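# Descriptive structure summary
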Amino acid sequence: MKTMRAAVIEGPHKITLQEVPYPTPGPGQVVVKVEACGICGTDYHILEGDFLSPYPLIPGHEFSGTVYELGEGVENWQVGERVAVDPSVYCGECYYCLSNQGNMCQKWNAVGVTLNGAFAEYVAVPAKNLYRLPENMNFQQGAFVEPLSCVVYAMRRLNIRFGDKVLLFGAGPMGLLLLQAVVKGGASEAVVVDLAEDKLAKARQLGAHKTFLGTAGLQEAYPLGFDIVIDATGVPAVIENMFRFAGNRAKIMQFGCAPKDAKVSVSPFDIYNKDWEILGTMALLFTFHPAVNLLKNGVVVADPLTTREISLDEFPAYLSQPKDSKDLKVLVCPWKK
Ligand SMILES: [Zn+2]
Ligand SMILES: [Zn+2]
């Protein structure tokens with residue numbers, strides 16, 4: 001039997017590198033040879049056991065690679081083509097799928113979240129989920145198409161008004177992608193809050209007009225608050241605090257993924273009295289094409305966000321440690337020696 005190396009989460013807090021069966025492609029599927037797969041906050045949630053995932057699971061949903069084997073009935077693709085992969089797997093038949101809301105699919109699945117993913121040498125995916133990488137895009141950049149696709153979806157939900165003042169909590173890789181989109185999307189002032197000065201320096205480099213190390217002085221500097229306030233941390237204490245900075249008529253977006261059972265308190269009187277809009281943004285919805293273009297044309301850049309590339313062997317130990325606060329995006333390159 002043909003096998004491959006893969007990182008397997010067997011249950012909460014239990015991840016090991018294993019030799020597992022090679023994923024033979026089913027009808028309509030292709031096997032992608034994984035070249036780069038980004039580590040995401042969601043992977044930590046899956047390891048913690050506070051997400052929607054079944055176990056055992058091979059995680060990894062932000063990836064690029066080459067087409068390696070075609071399943072029955074797959075046309076339009078050739079072995080060796082360079083691709084990024086939309087991890088979303090919608091049933092196509094439920095109420096939400098038939099209402100153009102596949103990300104709300106009642107049988108929602110995603111490669112690397114509920115189906116085996118790309119922290120492995122190979123992964124089987126539906127052929128219709130493949131997107132060709134432009135010639136000028138390397139695999140490392142290709143691994144950013146998925147997270148950027150989530151940013152595109154968030155931006156469409158947000159519907160930013162030209163000239164809005166935007167406050168963003170969290171200068172991690174997602175926050176820094178979103179920051180670039182917000183600046184290019186018409187923010188007249190983009191302010192970023194984080195607890196790490198090196199991340200704030202990167203935020204300024206990527207277009208933030210002002211940064212704050214924590215929230216001290218923020219209210220004094222912006223007494224009328226912001227038109228848009230976004231959480232890109234997923235940390236309940238940060239989320240609860242962000243409402244203080246929302247101005248009248250503000251849009252408040254929960255972009256970061258908080259633990260499933262977390263609760264925060266917010267004043268319903270303020271929501272009413274200040275005309276607030278509170279928005280969620282669930283992953284992505286057919287936003288891969290714009291994400292590929294944004295990267296291809298340098299509208300959004302990914303290279304400054306990668307702080308490390310590690311091998312598959314190093315990955316289980318890396319994910320088991322508390323996240324190194326110096327790291328932004330860490331890429332797993334399965335064929336790296
Ligand atoms: Zn992700
Ligand atoms: Zn569905």
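Predicted model, so just to flag it, every value in this text is computed and none were measured.

Right, let's get into the overall build of the protein chain. In terms of helices and strands, the protein chain carries 10 helices and 17 strands. For 337 residues, the compact-globule estimate of 2.2 N^0.38 gives 20 Å, and the protein chain sits close to it at 20 Å. Counting only C-alpha atoms and orienting by the principal axes, one finds that the protein chain spans roughly 65 × 40 × 40 Å. Evaluated residue by residue, the protein chain yields a buried proportion of 53% over its 337 residues. Here the analysis covers contacts within the protein chain between residues at least 6 apart in sequence; of these, 68% occur between residues at least 24 apart. When the accessible surface of the protein chain is split by element, carbon and sulfur atoms take 52% of a total near 15,200 Å². Here the protein chain contributes 30 positive and 35 negative side-chain charges, whose respective centroids are spaced 3 Å apart.

Before going further, it helps to spend a moment on the domain arrangement of the protein chain. Accessible area lost on assembly of the parts is the figure often given for the size of an interface. Domain boundaries assigned for the protein chain yield domain 1 (3–144 + 302–332) and domain 2 (157–280). On a C-alpha basis, the centres of domain 1 and domain 2 stand 29 Å from each other. In this complex, domain 1 contributes 13 residues to the contact, which on the side of domain 2 involves 15 residues. Carbon and sulfur atoms supply 68% of the area that domain 1 and domain 2 bury against each other, a total of about 1,200 Å² over both sides. The largest contributions to the domain 1 side of the interface with domain 2 come from Pro304, Leu305 and Leu328, which together make up 41% of the buried area. Counting every contact that joins domain 1 to domain 2 gives 0 salt bridges.

Before going further, it helps to spend a moment on the coordination of the zinc ion (ligand 1). Only Cys40 (SG), His61 (NE2) and Glu62 (OE) from the protein coordinate the zinc ion (ligand 1), and they sit 2.1 to 2.4 Å from it. In the primary sequence, the donor residues of the zinc ion (ligand 1) line up as C-x20-H-E. In this pair, Cys40 is assigned in the loop between β3 (29–38) and α1 (41–48) and His61 in the loop between α1 and β4 (62–70), connecting sequence segments 21 residues apart. Neither Cys40 nor His61 differs from the other in exposure class; each is buried.

With that settled, consider unusual backbone geometry. Tyr55 connects to Pro56 through a cis peptide bond whose omega is -5°. Locating Pro56 in the fold gives a position in the loop between α1 and β4. Positive phi outside glycine occurs at His13, with the angle close to 70°. Turning to its location among the elements, His13 is positioned in the loop between β1 (3–11) and β2 (14–21). Phi is positive for Ala283, which is not a glycine, with a value near 60°. Within the secondary structure, Ala283 is located in the loop between β15 (277–280) and α9 (288–296). Among the residues examined, Ala283 registers a relative accessible area of 25% and is labelled partly exposed.

Another aspect to go through is the coordination of the zinc ion (ligand 2). Here the zinc ion (ligand 2) is held by the protein donor atoms Cys91 (SG), Cys94 (SG), Cys97 (SG) and Cys105 (SG), which lie 2.3 to 2.4 Å from it. What the 4 donor atoms of the zinc ion (ligand 2) show is an angle range of 103 to 117° at the metal, which sorts the shape as tetrahedral. All donor residues of the zinc ion (ligand 2) come from one chain, and their arrangement in sequence is C-x2-C-x2-C-x7-C. Of this pair, Cys94 sits in the loop between β6 (88–89) and β7 (109–110) while Cys105 sits in the loop between β6 and β7; the two residues are 11 residues apart in sequence, bridging distant segments of the chain.

Each value, and the rule that gives it
Residues numbered from 1 in each chain as written. Chains lettered and ligands numbered in written order. Predicted model: local features only at pLDDT ≥ 70, side-chain atom pairs only at ≥ 80, totals over all residues. Heavy atoms only, no water. Helix = DSSP H or I, 4+ residues; strand = E, 2+ residues; numbered from the N terminus. Rg over C-alpha atoms; globule rule 2.2 N^0.38 Å. Buried < 20%, exposed > 50% of the residue type's maximum accessible area, 1.4 Å probe, protein only. Contact = heavy atoms within 4.5 Å. Areas by Shrake-Rupley, 256 points an atom, 1.4 Å probe, with all protein chains shown as cover. Lys, Arg positive; Asp, Glu negative; His and termini not counted. Charge placed at Lys NZ, Arg CZ, Asp CG, Glu CD. Domains from an automatic or database assignment. Buried area = accessible area lost by both parts, 1.4 Å probe. Salt bridge = Lys/Arg side-chain N within 4 Å of Asp/Glu carboxyl O. Donors = N, O, S within 2.8 Å, 3.2 Å for Na, K, Ca; no water. Tetrahedral: all angles 85-135°; square planar, octahedral: opposite > 155°, others 65-115°.

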